[in-house]
Each structure stands twice: as C-alpha cells, then as structure tokens.
There are 2 protein chains.
Amino acid sequence: MHRVMVEPRIPLSRDRVLRAAVRIADEQGIAALTMRRLGEVVGAEAMSLYHHVSNKEDVLDGIAEQVIQEINDAVAGLPPQQDWKRAVRERILLALQLLLKHRWAPAVFETRKTTLGAVLRYHDGLIGLMRAGGFSNDLCHHALHALGSRALGFSQELFDTGDDAGAPPDLAELPHLAGMLMEVVHDDPDSTIGWCDDQFEFEFGLDLILDGLEKIK
Amino acid sequence: MHRVMVEPRIPLSRDRVLRAAVRIADEQGIAALTMRRLGEVVGAEAMSLYHHVSNKEDVLDGIAEQVIQEINDAVAGLPPQQDWKRAVRERILLALQLLLKHRWAPAVFETRKTTLGAVLRYHDGLIGLMRAGGFSNDLCHHALHALGSRALGFSQELFDTGDDAGAPPDLAELPHLAGMLMEVVHDDPDSTIGWCDDQFEFEFGLDLILDGLEKIK
DNA sequence: ACCTGAACACCGTTCAAGT
DNA sequence: ACCTGAACACCGTTCAAGT
C-alpha cells in the first residue's frame, strides 16, 4: 500500500505571516491581531510563527513596512511633474488614499521604536521633489516637519531614532535625505541625527498655518 | 483589651484612582498602567477598582480628560490678547508645553471612542478666539481641521463621534462650537455632526502648508 | 529545519463571599 | 457600601520534545 501524493503544504514564511497579519488588521482591527489568531489563519500553531518572526513587535514592524512599501511602489508609478507643488500634492494624496485602506496603520507607525526603512525612502522621494523645485536643504527639512502627519498619516518625529536604533539605514539608497542631513547637521552643530529642535519645528509649522489662515480671512 | 483607634484609611474614589493612573503613565509609560498595578499603587486589590471606575477604558477616558482639563485650566489664565493670531499661538504653545509632561496622552486621545467633553471645551475656546478675530464660522471649521494634531497634539477628527456616542455634549456650555456647527450644517445639508468632508479638509490643510512653503522659497 | 503541546507569567474581568 | 480571593478566558513567549 502506497501513500497518495499530498500537495505539500505551502511552508510558512515571513512574507506569508505578514500578509495574513495585514489581512486580519484590515478586516477585524488591530486588536484582533494576536499571535494565536495569526497562527490560526495561516494554519499553524501560534508557536510556529516564532520560526519566521522574532516576536509580535517584529510582526508590527513588518506590517507597517509592508503598507509603506505599497505606497512607495504606487508613487513610483506617478508621471513626472514639472511643478513641485503639484508633484508633492499628488504624491501625498495618493499616499493618503492607500493609507485609508489600512486604518490601523498610523497608530502602528507611531509605536515603532525606530523609523522604518520604507518611511525613510518615502521621505527621500519627497525631498527629491522639493529639491528639484528649488528648495534649500534647510527648507526641505522644515517642510517635512511641517507636513508632519499629512505626509504619511502620522506624526512620528522623523530621525528620532530612539535609544535602540537597529541597523543604521543605508544612506547610499537615500541620496536626497543624506544630502539634506549633511547640510543641516553642518549648519547647526547642535543638531544630529536623532535630534531636531522640535519646539522650533512645531512653531514653524504652526505659523505656516496661522499665516495662511490670516491671508484667507 | 481595647483596640487602638486607627487612622481610617482614606477611602478609594474615582479621583484618587485616576490621579494614581496618571502618575503611573507619566513615570513608567502607558504600558505599565494595568489594573493590578493600579490597585497596588492605591493600596487595594485590583478588583476593588471596579467600584469606582467601570473598566479600564473608563480609566483611560478619565486620565485623558484629566490632562485636557489641566490644559483648559491653564489657558483660562492667559491674559486677553487683541490679536487673534497671538492669542491662538500662545494658547496652542501652552497646551503643547503641558502635553509634553504626559507623553502618553496623544496616543490615548486617539483611541477614545467618543470625543471627550474637555476636548470640545478646548476647541470651543479656540473658535471663540478666531471669531473675535473676524473669522467666519466656516473658516473656523476649516482652521480646526488644518491645525489638526497641532491644536492638541493629536489628530483625531473632531466630531467623528463614532457609532456609540455616549451622552451628547451640553451645547449650552459650548456656545462658539454650537454656533459654528449650526452654520456649517445649515450651509451644507450633507454635513452633520459626526461627518465632515475629510478629503476636502485634508486638502485644505495640505494646501495651506504648500502655499506657505512656496511663499518662503 | 520546522513544527508542536504543555507550561509560565502575565492580562482584564466576573462572581460569590466576606466585613 | 465597600472590599476581597479565587477563578475564567484570554495574552505573549519559552522550552523540551517530536518529525
């Protein structure tokens, strides 16, 4: 008696785990995303997940990164634009549209200990658009702070990498960001990666809005 | 043999529970705020807390309300200002300063199901300042959306009271807010409390920032 | 190499029992 | 009226044991 060939079960993988996690969060909310429920959905015990992700924080990092990468892929397909303002506007509105499919995402972004690589790539692209539009690196820096939560639906301070930053980002892949940081740090010896003058940036963004309102009034 | 008079233990109360909860969150982070730890700090079993708060969500509502009330009390003491922009600016910067003592607060605000009464009172005050400065009710409405997370350090959409709104707010105590809503709803029959054109408001705030940047460039 | 069951140290909350 | 201990139904995670 021989055994029937059984379709080999698709083996678990980090990618399959993360995709399932995104689906759970989308459909049932982030609170429904537990390791046990995640195991159920991928057809394994919760404990098997730990062979593919290191822990639940890693799952949250992974699904956040996945959402932002989806945005990065989408904005990469936008047609070039000669007007910086149209380009930035279009890019941000597309990001918002995709973000609305994952309502849980901004809250998860905000709890990440370290800025995700995909977030840095997104901002690198924004800086590129503004530089092409004639912005100084300094103004790019203030602009990112001012856009704040509007850029990616959340307000985590950029560059506030916290105490236990993971692998340092590969600045070679982030030319605009690297250029901006080099200049901003150079101009202001007190400034380093991991520290911006938050009070100044807050007031800069606030005044941009208040001055704009005054003009409309 | 008679018993020594014992200083009667200070009885538990909602206020005492909430104060202890704020202290835990301030000193050890919001993750350290568990019902068991809270019971420990007030010198009672965790289960005793349920005589004074209905559950943990109620604790979170309570500490969020407490922080915003602290802000409301502080801004009430600000001297009157004839220039609306100075008044709004000063008020928001004071709110930010107090908020920085409770770094956990914005995240808690964002998870509240229903807009807290203290938040409505804060915004009622802001509307009052802008009305006094000559803003139309319509512009006040857009301005609150544009300020968004800068007004109170978080970006919960105002008026999005969700499905299970609790007791409706007492509009008599919120004259400016009530006036604004009446007019905004009147002007736009599609608009109701609980629904704003989020896409429009997002673009309004975004354009305010982009136009402001262009002017600086 | 990958998966599992049992177990551990936590949660929030209910409930019957105490004073 | 207020407080409590034990218990319940969950968490994330560890670990020794299986294939």
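Note that the coordinates shown come from a computational prediction; the quantities given were computed from them, not determined experimentally.

## Comments concerning the overall build of chain A
Okay, so step 1: A count of helices and strands for chain A gives ten helices and zero strands.
Okay, so step 2: When the helices and strands of chain A are listed from N to C terminus, the series reads α-α-α-α-α-α-α-α-α-α.
Okay, so step 3: The buried share of chain A, taken over its 217 residues, is 45%.
Okay, so step 4: Considering only contacts in chain A between residues 6 or more positions apart, those separated by 24 or more positions represent 72%.
Okay, so step 5: Split by element, the accessible area of chain A, about 11700 Å² in all, is 54% carbon and sulfur.

## Structural notes on the relation of the copies chain B and chain A
Okay, so step 1: Its rotation angle being 180°, the transformation that places chain B on chain A also includes 0.0 Å of axial translation and leaves an RMSD of 0.0 Å. Between the two chains, the operation in question is that of a two-fold axis.
Okay, so step 2: Most of the interface of chain B is mirrored in chain A: 100% of its interface residues are interface residues there too.

## Here we look at the domain arrangement of chain A
Residue and element names in this part refer to chain A.
Okay, so step 1: On domain assignment, one finds that chain A holds domain 1 (1–53) and domain 2 (65–217).
Okay, so step 2: With seven residues of domain 1 at the interface, the matching set in domain 2 holds five residues.
Okay, so step 3: Buried surface at the junction of domain 1 and domain 2, summed over both partners, amounts to about 490 Å²; 61% is from carbon and sulfur atoms.
Okay, so step 4: Area buried by domain 1 at its contact with domain 2 is led by Val22, Asp26 and Ile30, which between them contribute 69% of it.
Okay, so step 5: For the pair domain 1 and domain 2, the number of links is zero salt bridges.
Okay, so step 6: Inspection of the domain 1/domain 2 interface yields two residue pairs in polar contact (both at pLDDT 80 or more).

## Examining the packing of helix H1 (residues 14–28) of chain B against helix H3 (residues 56–76) of chain B
In helix packing, the relevant descriptors are the interaxial angle and the interaxial distance, both defined with respect to the helix axes.
Residues and elements named next belong to chain B.
Okay, so step 1: Where H1 meets H3, the axes come as close as 9 Å, and the angle between the chain directions of the two elements is 80°. The angle between H1 and H3 places the two elements in the roughly perpendicular class. Taking contact as the criterion, the partners of Arg14, Asp15, Leu18, Arg19, Ala21 and Val22 in H1 are, on H3, Asp58, Val59, Gly62, Ile63 and Gln66.
Okay, so step 2: Of the residues in the contact of H1 with H3, the class split is five nonpolar, two polar and four charged.

## Re the packing of helix H10 (residues 198–216) of chain A against helix H10 (residues 198–216) of chain B
Okay, so step 1: Running from N to C, H10(A) and H10(B) point in directions that differ by 95°, and their axes come no closer than 9 Å. Our classification of the angle between H10(A) and H10(B) gives roughly perpendicular. On H10(B), the residues touching Phe204(A), Leu208(A), Ile209(A), Gly212(A), Leu213(A), Lys215(A) and Ile216(A) of H10(A) are Phe204(B), Leu208(B), Ile209(B), Gly212(B), Leu213(B), Lys215(B) and Ile216(B).
Okay, so step 2: Here the contact of H10(A) with H10(B) is built from residues that sort into ten nonpolar, two polar and two charged.

## Describing the packing of aromatic side chains
Okay, so step 1: Scanning the entire structure with this criterion turns up four aromatic pairs over all chains.
Okay, so step 2: When the ring of Phe200(A) is compared with that of Phe204(A), the centres are 6.5 Å apart and the planes differ by 25°; the resulting orientation is stacked. With Phe200(A) and Phe204(A) both in helix H10, this residue pair falls four residues apart, about one helical turn.
Okay, so step 3: Judged by relative accessible area, which is 43%, Phe200(A) ranks as partly exposed.
Okay, so step 4: Residue classification places Phe204(A) among the buried positions, given a relative accessible area of 15%.
Okay, so step 5: With a centroid separation of 4.6 Å and 70° between ring planes, the pair formed by Trp84(B) and Phe135(B) is classed as edge-to-face. Placement of Trp84(B) in helix H4 (residues 84–99) and of Phe135(B) in the loop between helix H6 (117–132) and helix H7 (137–147) is noted, with a sequence separation of 51 residues between them.

## Looking at the protein's contact with DNA strand D
Okay, so step 1: Every one of the 15 residues lining DNA strand D counts as a neighbour, but Arg36(A), Tyr50(A), Ser48(B), His51(B) and His52(B) are closest to it.
Okay, so step 2: Within 4 Å of the protein, the contacting atoms of DNA strand D are drawn from sugar and phosphate to the extent of 51%.
Okay, so step 3: Here a base nitrogen of DNA strand D sits 2.5 Å away from a polar atom, N or O, in the side chain of Arg36(A).
Okay, so step 4: For DNA strand D, a phosphate oxygen lies 2.8 Å from a polar atom in the side chain of Tyr50(A).
Okay, so step 5: Classifying every residue of the surface near DNA strand D by side-chain character gives six nonpolar, five polar and four charged.

## Thoughts on the protein's contact with DNA strand C
Okay, so step 1: Taken together, 15 residues lie around DNA strand C, and Ser48(A), His51(A), His52(A), Arg36(B) and Tyr50(B) are the ones closest in.
Okay, so step 2: For DNA strand C, the fraction of atoms within 4 Å of the protein that belong to sugar or phosphate moieties is 50%.
Okay, so step 3: His51(A) places a polar side-chain atom, nitrogen or oxygen, 3.3 Å from a base nitrogen of DNA strand C.
Okay, so step 4: Here a phosphate oxygen of DNA strand C sits 2.9 Å away from a polar atom, N or O, in the main chain of Lys56(B).
Okay, so step 5: Tallied by class, residues from the surface near DNA strand C come to six nonpolar, five polar and four charged.

## Brief notes about H10(A)
Okay, so step 1: For H10(A), which comprises 19 residues, the first-to-last C-alpha distance of 27 Å matches the rise-based estimate of 27 Å (1.5 Å per residue) to within 8%.
Okay, so step 2: For H10(A), every residue scored as buried is listed here: Glu201(A), Phe202(A), Phe204(A), Gly205(A), Leu206(A), Leu208(A), Ile209(A), Leu210(A), Gly212(A) and Leu213(A).

## Notes on the pattern of salt bridges
Okay, so step 1: Per the stated rule, a full pass over the model turns up 22 salt bridges over all chains.
Okay, so step 2: Note that Glu214(B) is salt-bridged to Lys85(A), the shortest N-O span being 2.8 Å. Placement of Glu214(B) in helix H10 and of Lys85(A) in helix H4 (residues 84–99) is noted, with the two residues assigned to different chains.
Okay, so step 3: The exposure class of Lys85(A) is buried, given its relative accessible area of 17%.
Okay, so step 4: The network of salt bridges with common partners includes Glu57(A), Asp61(A) and Arg112(A).

## Re the environment of Ile71(A)
Residues and elements named next belong to chain A.
Okay, so step 1: By the element assignment, Ile71 lies in helix H3 (residues 56–76).
Okay, so step 2: Take Ile71: its relative accessible area is 0%, and that puts it in the buried class.
Okay, so step 3: Counting along the chain gives 59 residues from Ile71 to Met130, while the straight-line C-alpha distance between them is 19 Å.
Okay, so step 4: Aside from chain neighbours lying at most four places away, what touches Ile71 is Ala95, Leu98, Leu99, Tyr122 and Leu152.

Conventions adopted
- Residues numbered from 1 in each chain as written.
- Chains lettered and ligands numbered in written order.
- Predicted model: local features only at pLDDT ≥ 70, side-chain atom pairs only at ≥ 80, totals over all residues.
- Heavy atoms only, no water.
- Helix = DSSP H or I, 4+ residues; strand = E, 2+ residues; numbered from the N terminus.
- Buried < 20%, exposed > 50% of the residue type's maximum accessible area, 1.4 Å probe, protein only.
- Contact = heavy atoms within 4.5 Å.
- Areas by Shrake-Rupley, 256 points an atom, 1.4 Å probe, with all protein chains shown as cover.
- Least-squares fit on C-alpha atoms with pLDDT ≥ 70 in both.
- Domains from an automatic or database assignment.
- Buried area = accessible area lost by both parts, 1.4 Å probe.
- Salt bridge = Lys/Arg side-chain N within 4 Å of Asp/Glu carboxyl O.
- Polar contact = N/O pair within 3.5 Å; in protein donor to acceptor, adjacent residues only side chain to side chain.
- Axes fitted to C-alpha atoms, helices over the stretch in contact; angles between N-to-C directions.
- Parallel < 35°, antiparallel > 145°, perpendicular 65-115°, else oblique.
- Nonpolar A, V, L, I, M, F, W, Y, C, P; charged D, E, K, R; others polar.
- Phe/Tyr/Trp six-rings, centres within 6.5 Å; stacked < 30°, edge-to-face > 60°.
- Near = heavy atom within 4 Å.
- Expected span 1.5 Å × (residues − 1).

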